[in-house]
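Architecture and fold: a report
The lines below spell out each chain.
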Amino acid sequence: MRPIAPIRHGLLFVALAVFLWGYDAIKISKEQLDDLGIKIITIDGNISSGGLPFNAYIDFDNKSSVTQSSSFDAIVTALYKREGENVKEGEVICEISSIDLSNLDFELQNTQNRLKVAKDVTKKDKELYGAGVISKREYQVSYLASQEMELKVKQIESTFKIFGIDPLHPKGKYGFRVVARDSGVLSVAPKNTGDKIPAFTTYIRISKSNDLLARIKLPVSVSHYIKKGSNVFDEAGKKIGVIESISVVLDKASNTILATALLNQGDYRVGEMIDVYIQGVRPKGTIAIPSNAVIKNGKDYLVFIQTKDGLLPKAVSIIEERNNLFIVKDKDLKIGDKVAAGALIGLKGIINNIGGE
């Protein structure tokens, strides 16, 4: 029997490709590709993009800020300053009302009166002790009592100060006067009269600078690719800041990690939500290709690798989708491969027509 004639090398390659990759090769000329609006590009490893897309919340940089918090429930009865406004130390921000604060104010006045009496007793006992009328022990008892009373006054005054209420001039026309403990920008403040201030919450924050931060929640799946110092871009690809910190604590509710970026470009407002892109580190064992060199076909993401007579469709594994590019496993492609890019919908039509015959 005569031996079977050897299969040509090119046909063998196509046969193996169809077996391994599941798609037939496309025989197509350069002129036909031009007509379809498709060009051939080389994967060179130098493709860049705006990075990974995220939502960001704009806030003040509160690294140097002063907070005023509440240990009681209270109601806002008057507003004099709002968020974003500049305040000076001692300036009235708002007035609040609270039964607990009223009770505390009564306790302060009562304790101050008792302290005055205790100090008078101590003064007289000191004179009596000096004259030898009473013992040193008796004088010490009245002295310690006045000291205890003075400590109690200071504790109550400290509680008022945490609220931002001046214990020497606590009341205004509509309630207790909340004053600024420092000068700066109000980054947090009550918004409306009648609003409730819950206990144990920060309701006043005064920032020392106008610097803005972007607070970005990173999904755990990609958080490892974002590093301190990574550039942050806006939707137009313009650099607007740099990642300053990445939390080591996982927010279990959203399964995210918080990153903050210090913004040095752009016109943004505190409280605004914006879209940003972060230039992440490419995962090991991957390669970047332009998004216009990939098309989805059913469950597959396809690239079209140039062959001697045309193109060979190949399914690739997408690791991440970034702005204008895909990150794929490098076992699917390699540096130097030539692939089709552009209006790949025409090629998708061709392979599906072939498949349907």
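Structural notes, computed from the coordinates. Predicted model, so just to flag it, every value in this text is computed and none were measured.

In this section: the environment of Lys348. Residue placement: Lys348 occurs in helix α6 (residues 345-356). Separated by 46 residues in sequence, Lys348 and Leu302 place their C-alpha atoms 8.9 Å apart. Ignoring sequence-local partners within four residues, the contact set of Lys348 consists of Ile295, Lys296, Asn297 and Phe304.

Attention now moves to the sheet that holds strand β3 (residues 52-60). Reading around the circumference, β3-β12-β15-β14-β13-β16 is the order of the six strands in this closed barrel, with antiparallel pairing throughout. The average angle at which neighbouring strand axes cross in this sheet is 45 degrees, direction not considered. Where β3 and strand β12 (residues 212-219) come together, five bridges link them in antiparallel fashion. In the strand pairing of β12, Phe60 is matched with Leu212.

When you line up the elements, Ser207 lands in strand β11 (residues 201-207). Within polar-contact distance, the side chain of Ser207 engages the side chain of Ser187 at 3.1 Å.

This part covers the pairing of β11. Two elements, strand β4 (residues 65-70) and β11, share six bridges in a ladder whose sense is antiparallel. Its bridge partner being in β11, Val66 is matched across the sheet by Ile206. With three bridges joining them, strand β9 (residues 184-188) and β11 adopt antiparallel strand pairing. Each bridged residue has a counterpart across the sheet, and for Leu186 the counterpart in β11 is Ile206.

Before going further, it helps to examine a nonpolar patch on the surface. Where nonpolar side chains cluster on the molecular surface, the patch consists of Tyr57, Val270 and Met273 and spans about 270 Å² of accessible area. With respect to the element layout, Val270 can be found in the loop between β15 (256-263) and β16 (273-278).

Before going further, it helps to spend a moment on the nonpolar core. If you look at the biggest cluster of nonpolar residues, it comprises 26 residues, and the most contacted ones within it are Ile96, Phe160, Ile165 and Ile204. Sorting the residues of this core by element identifies β5 (74-79), β7 (92-97), α3 (99-130), α4 (136-163), β8 (176-179) and β11 as the ones contributing at least two each. Ranked by the residues each element gives to this core, the list is headed by α4, at five residues. Not counting residues within four places of it along the chain, the set of residues in contact with Ile96 comprises Ala74, Ile75, Val76, Thr77, Leu101, Phe163, Ile165, Gly175, Phe176, Val178, Ile197 and Tyr203. Phe60, Ala214, Val232 and Ala259 belong to the second-largest nonpolar core, a separate cluster that totals 22 residues.

Under the 1.5 Å per step criterion, the end-to-end length of α4 is 41 Å for 28 residues, consistent within 8% with the ideal 40 Å. Inspection of α4 places Tyr139, Ser142, Ser146, Met149, Val153, Ile156, Glu157, Phe160 and Phe163 among the buried residues, and these make up the whole buried set. Residues of α4 that are buried make contact with β4, β7, α3, β8 and β11. Positive backbone phi, approximately 95 degrees, marks Gly164, located one or two places after α4.

Following the criterion strictly, the structure yields nine salt bridges and no others. With a shortest N-O distance of 3.4 Å, Glu91 and Lys81 are connected by a salt bridge. Of this pair, Glu91 sits in the loop between β6 (86-87) and β7 while Lys81 sits in the loop between β5 and β6; the two residues are 10 residues apart in sequence, bridging distant segments of the chain. Residue Glu91 is classed as partly exposed on the basis of its relative accessible area of 28%. Note on Lys81: relative accessible area 15%, which makes it buried. Among the charged side chains, a network of salt bridges with common partners joins Lys81, Glu85 and Glu91.

Criteria and cut-off values
- Residues numbered from 1 in each chain as written.
- Predicted model: local features only at pLDDT ≥ 70, side-chain atom pairs only at ≥ 80, totals over all residues.
- Heavy atoms only, no water.
- Helix = DSSP H or I, 4+ residues; strand = E, 2+ residues; numbered from the N terminus.
- Contact = heavy atoms within 4.5 Å.
- Pairing = 2+ DSSP bridges.
- Axes fitted to C-alpha atoms, helices over the stretch in contact; angles between N-to-C directions.
- Polar contact = N/O pair within 3.5 Å; in protein donor to acceptor, adjacent residues only side chain to side chain.
- Patch = residues over 30% accessible without salt bridge, like charges linked within 9 Å, V, L, I, M, F, W, Y side chains within 5 Å.
- Areas by Shrake-Rupley, 256 points an atom, 1.4 Å probe, with all protein chains shown as cover.
- Salt bridge = Lys/Arg side-chain N within 4 Å of Asp/Glu carboxyl O.
- Core = buried A, V, L, I, M, F, W, Y, C linked by side-chain atoms within 4.5 Å.
- Buried < 20%, exposed > 50% of the residue type's maximum accessible area, 1.4 Å probe, protein only.
- Expected span 1.5 Å × (residues − 1).

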